[in-house]
Amino acid sequence: MKNSYFIIIFLFFLVISTQISAQNHQLIDSLYLEAENTQEPIDKAVLYNDLSFEFAETHPMEAYILAKKALSIYIKQSDQAGIATSYNNIAGAFDYTAQFDSAMYYYQLALGIRMILNDKKGAANILNNMGASCHFRSDYSQALDYYIQSATLREEINDLKGMAQSMNNMGIVYRAMKDYQSAVNIYHQSIILKEKGGDWRGKALTLINLSNAYQNLNNLDSAEISIREAINIFDELKDSGYVASAYVNLGSILKSKKKYDEAKIILTSALLILQQLDLASELSDCEHIIGLLYAEQKNYTQALQHLYNAEKIAKRIQKNELLSTVYLSIANTLAENGQKDRAYDYQLAYHHIKDSLFTVENQEQLNQLQQQYQSQQRDRQIERLQSHARISELELNREQRRKNMYFLLSAIALCISMIVAYFLWQKNKSNQKIVKQAGIINQSLAEKEILLREIHHRVKNNLQIIAGLLELQDSSLNKSESKIVAEAQGRIKSMSIIHEMLYQTDNLSGISFSQYIERMIKGIEQGFSSSALSIQKIYPDEPVHFNIDTIIPLGLIINEIITNTYKHVFSKGYGNELRISLKPDPEYEWALIIEDNGPGMPSEQGIRPDSFGLKLMKMLARQLRGKISIQNNQGAAFIIYFREIKNSAI
């Protein structure tokens, strides 16, 4: 009887949620119609921004277009607050398409306006968005900094709900950084604020996060207490969906505590609720955990039955990441049950789906690049046709002028005044055309420069994506393979810095050597727990810039040397000084010297001749038409002789 009562309640909430979803679609449609029919510019802009916010996650390109329409109206109206809102929505659209640098650019514009307006609440919201953007691309230290700034502003205006949100986000970042104790501390502060503000649903959600952090610390008792408190709150709120999700979490904790019977009861209850609500993703998780529970009890028949159910649901909702995890669990369970052949098949399926996830992401990038290339080709073709049309027009004008002059000269005695007037008029017309053509040329140059910056911007984004993919792959590699992947990420980052500097600088013809070294060393230091106590840089008096064909191979050599210095010298406490010198060389044009005060190279040869690092540095030095010399002189000294590659097309 009690179970029937619960089922009726669950069906009621299911109907209500369906009606709410339909109402949301109707609301969006009505906003569209209202925006198109509204005559007042500001009202139209407000509706465009509302629609942009609604579409950001599901249709980011449409959200971008709507926000740009709103921005155009607000600029004409000189409405700074509206401009800031439009910039924030544009940034959000870029966030959902993984164009993080563009997103951060527009967030900064929006933040600047909010600070000028002294709108602390608006500024805090933007800082929170910036933190989320950095968090999504795994820049945890920067994300944490933005969340702290957001929380500080919200504290100044006594925004309890906003402060709790910022702290909750900080806790998520701490967990990602594996600083679980800090996550626990910040979650407790967030819960206190949510209690003061009466946000009981928010408190329950933070309790779930707190439970997860306690599980990370292997403090299962505290984890269980937190999740049970969350379940009590969701029960009072009659939120059956969250109750079921929390039950799955509690069942996982009880399984870890070896309380198998109690875990089965909880997970079975969750299973029933999730089936009634048709929450497929959570249902697959629940089946997965039940399967693992039976596997731990060596009941492989029941274990595989639930794991196969999890597999079936994950396939139906096309959750490939979830499906790959289930495949791995099935493979391990089959292997423990002695079914080696079937285990092997599922192991292959697991690797196949992992590879397909990698391939899909790569294909999306390739498609974007192909579309960009085709668009550029069409633009060039249009420019050529327009150029030919202008030349033909000028030729016709010249011929017409010749005929007119011949006719006027035949009657010069009678109408000299008319000839002078016509000449002055014709000259004025020609000057206007020249001015117009000059404007077209200047506009074309500006557009090409913007396009060039965008290309470097996209190349830098693609390099970041590649580095991120390598980081994802790293979790499945052994120690030696992981080391190779880390070295590859360092080399990719050295090239990414170059493209980032190119689209941020006003000078597209070259990279400042001193600024590049500063950014590279800063990036390398972040990857090591220890850093050089003294870094001395000796450069020529005049600033030195190198083109992209020179700075990329030179940057890879520098990255290889400085990374090895941190890894094998500073991190092990053998030295505390790094000296970088750049000076002209009469034979090779330039000489770059990198020295440390460590114990020097381990042998007379310096580095093993078959090492990949040495081969790479020598190959890159030859590419720069130079050479590399390695010496021991009160520490290791690397001298790179090189010439700048001329005629680089940037």
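Residues numbered from 1 in each chain as written. Predicted model: local features only at pLDDT ≥ 70, side-chain atom pairs only at ≥ 80, totals over all residues. Heavy atoms only, no water.

(A) Layout of the overall build of the protein. Helices and strands together make up the secondary structure of the protein, namely 22 helices and 7 strands. In the protein, buried positions account for 41% of the 650 residues. Across the protein, every contact between residues at least 6 apart in sequence was considered, and the portion connecting residues at least 24 apart equals 59%. Accessible surface for the protein amounts to roughly 36,500 Å². Of this, 54% is attributable to carbon and sulfur atoms. (Helix = DSSP H or I, 4+ residues; strand = E, 2+ residues; numbered from the N terminus. Buried < 20%, exposed > 50% of the residue type's maximum accessible area, 1.4 Å probe, protein only. Contact = heavy atoms within 4.5 Å. Areas by Shrake-Rupley, 256 points an atom, 1.4 Å probe, with all protein chains shown as cover.)

(B) Structural context of the sheet that holds strand 7 (residues 636-642). Spatial strand order, 2-4-5-7-6: 5 strands in an open sheet with mixed pairing. Of all strands in the sheet, those bounded by a partner on one side alone are strand 2 (534-538) and strand 6 (627-632). For this sheet, the mean inter-axis angle between neighbouring strands, taken without regard to orientation, is 10 degrees. Strand contacts of helix 20 (residues 513-526): strand 2, strand 4 (577-585) and strand 5 (589-596), with the helix running at about 160 degrees to strand 2, the strand carrying the most contacts. Set on the sheet, helix 21 (residues 548-570) makes contact with strand 2, strand 4, strand 5, strand 6 and strand 7; between it and strand 5 the angle comes to about 15 degrees. (Pairing = 2+ DSSP bridges. Axes fitted to C-alpha atoms, helices over the stretch in contact; angles between N-to-C directions.)

(C) Seen up close, the nonpolar core. Counting 89 residues, the largest nonpolar core has Tyr87, Tyr107, Met130, Leu210, Tyr247 and Cys286 as its most contacted members. For this core, the leading source of residues is helix 13 (residues 260-277), giving 9 residues. Ile521, Val544, Ile557 and Ile628 belong to the second largest nonpolar core, which has 41 residues in total. (Core = buried A, V, L, I, M, F, W, Y, C linked by side-chain atoms within 4.5 Å.)

(D) Local environment of helix 11 (residues 220-236). The end-to-end C-alpha separation of helix 11 is 25 Å, in line with the 24 Å expected for 17 residues at 1.5 Å each. Among all positions of helix 11, only Leu220, Ala223, Glu224, Ser226, Ile227, Ala230, Ile231, Ile233 and Phe234 are buried. Looking at the buried residues of helix 11, the elements they touch are helix 10 (200-216) and helix 12 (240-256). Positive phi shows up at Lys238, right after helix 11, with a value of about 55 degrees. (Expected span 1.5 Å × (residues − 1).)

(E) View of the pattern of salt bridges. In the structure shown here, the tally under the stated rule is 15 salt bridges. In this structure, Lys203 engages Glu195 in a salt bridge whose closest nitrogen and oxygen atoms are separated by 2.5 Å. By relative accessible area, which is 35% here, Glu195 ends up partly exposed. One salt bridge connects Lys203 with Glu229, and the closest N-O pair in it is separated by 3.2 Å. (Salt bridge = Lys/Arg side-chain N within 4 Å of Asp/Glu carboxyl O.)

(F) Here's a closer look at the environment of Thr58. Position of Thr58 relative to the elements: it lies in the loop between helix 2 (41-55) and helix 3 (60-77). For the pair Thr58 and Tyr96, spaced 38 residues apart in the sequence, the C-alpha separation amounts to 8.6 Å.

(G) Spatial organisation of the environment of Gly291. In this structure, Gly291 sits in helix 14 (residues 280-296). Separated by 19 residues in the primary sequence, Gly291 and Ala310 have C-alpha atoms spaced 8.6 Å apart. Every residue in contact with Gly291, bar those within four places of it in the chain, is listed here: Ala303, His306 and Leu307.

(H) Fine view of the side chain of Glu224. Inspection of the secondary structure puts Glu224 in helix 11. Every residue in contact with Glu224, bar those within four places of it in the chain, is listed here: Leu250, Ile253, Leu254, Lys257 and Lys259.

(I) The arrangement of helix 3 in detail. Under the 1.5 Å per step criterion, the end-to-end length of helix 3 is 26 Å for 18 residues, consistent within 8% with the ideal 26 Å. By the burial criterion, the buried members of helix 3 are Pro60, Ala63, Leu66, Ala67, Ala70, Leu71, Ile73 and Tyr74. Take helix 3 and look down its axis: the buried residues cluster within an arc of 165 degrees, on one side only. Exposed side chains of helix 3 directed beyond 90 degrees from the buried face belong to Met61 and Lys76. Immediately beyond the C-terminal end of helix 3, within one or two residues, lies Ser78, with a positive phi of roughly 55 degrees. (Arc of directions from axis to C-beta.)

(J) Representation of the packing of aromatic side chains within the structure. In total, this model carries 14 aromatic pairs according to the counting rule given. Taking the centre distance of 5.9 Å and the plane angle of 85 degrees together, the rings of Phe513 and Phe546 count as edge-to-face. Placement of Phe513 in helix 20 and of Phe546 in strand 3 (residues 545-546) is noted, with a sequence separation of 33 residues between them. Each member of the pair, Phe513 together with Phe546, is buried. Taking the centre distance of 5.6 Å and the plane angle of 40 degrees together, the rings of Tyr588 and Tyr641 count as tilted. With Tyr588 in the loop between strand 4 and strand 5 and Tyr641 in strand 7, this pair connects stretches of sequence that are 53 residues apart. Taken together, Tyr64, Tyr87, Phe94, Tyr105 and Tyr106 form an aromatic cluster joined through their ring pairs. (Phe/Tyr/Trp six-rings, centres within 6.5 Å; stacked < 30°, edge-to-face > 60°.)

(K) Molecular detail of unusual backbone geometry. A positive phi is found at Asn218, a non-glycine position, where the angle reads about 65 degrees. Unlike most non-glycine residues, Glu589 shows phi in positive territory, near 90 degrees. Turning to its location among the elements, Glu589 is positioned in strand 5.

(L) Region of interest: the packing of helix 10 against helix 11. As a packed pair, helix 10 and helix 11 sit with axes 8 Å apart at the nearest point and diverge in direction by 160 degrees. Compared by their axis directions, helix 10 and helix 11 come out roughly antiparallel. Judged by the sense of rotation from one axis to the other, the crossing of helix 10 with helix 11 is left-handed. Contact with helix 10, carried on its side by Trp200, Arg201, Lys203, Ala204, Leu205, Leu207, Ile208, Leu210, Ser211, Tyr214 and Gln215, involves Leu220, Ser222, Ala223, Ser226, Ile227, Glu229, Ala230, Ile233 and Phe234 of helix 11 and no other residues of that element. (Parallel < 35°, antiparallel > 145°, perpendicular 65-115°, else oblique. Left-handed = near helix turned anticlockwise from the far one by under 90°.)

(M) Molecular detail of the pairing of strand 6. Where strand 6 and strand 7 come together, 6 bridges link them in antiparallel fashion. From the neighbouring strand, Gln631 faces strand 7, where its bridge partner is Ala637. Connecting the antiparallel pair strand 6 and strand 7 is a turn made up of 3 residues, with Gln634 showing a positive phi of about 55 degrees.

(N) Structural detail: the packing of helix 8 (residues 160-176) against helix 10. Put simply, helix 8 and helix 10 touch, their axes get as near as 11 Å, and they point 20 degrees apart. The pairing of helix 8 with helix 10 is recorded here as roughly parallel in orientation. Considering the relative orientation of helix 8 and helix 10, their crossing is left-handed. Counted together, Asn168, Ile172 and Arg175 of helix 8 and Thr206, Asn209, Asn212, Ala213 and Asn216 of helix 10 form the full contact between these two elements.

(O) Here's a closer look at the confidence of the model for the protein. When pLDDT is averaged across the protein, the result is 79; 74% of the residues are at 70 or more. Note that residues 1-25 has pLDDT below 50 and, in this model, 10 contacts with residues that lie over four places away or in other chains. (pLDDT = per-residue confidence, 0-100.)

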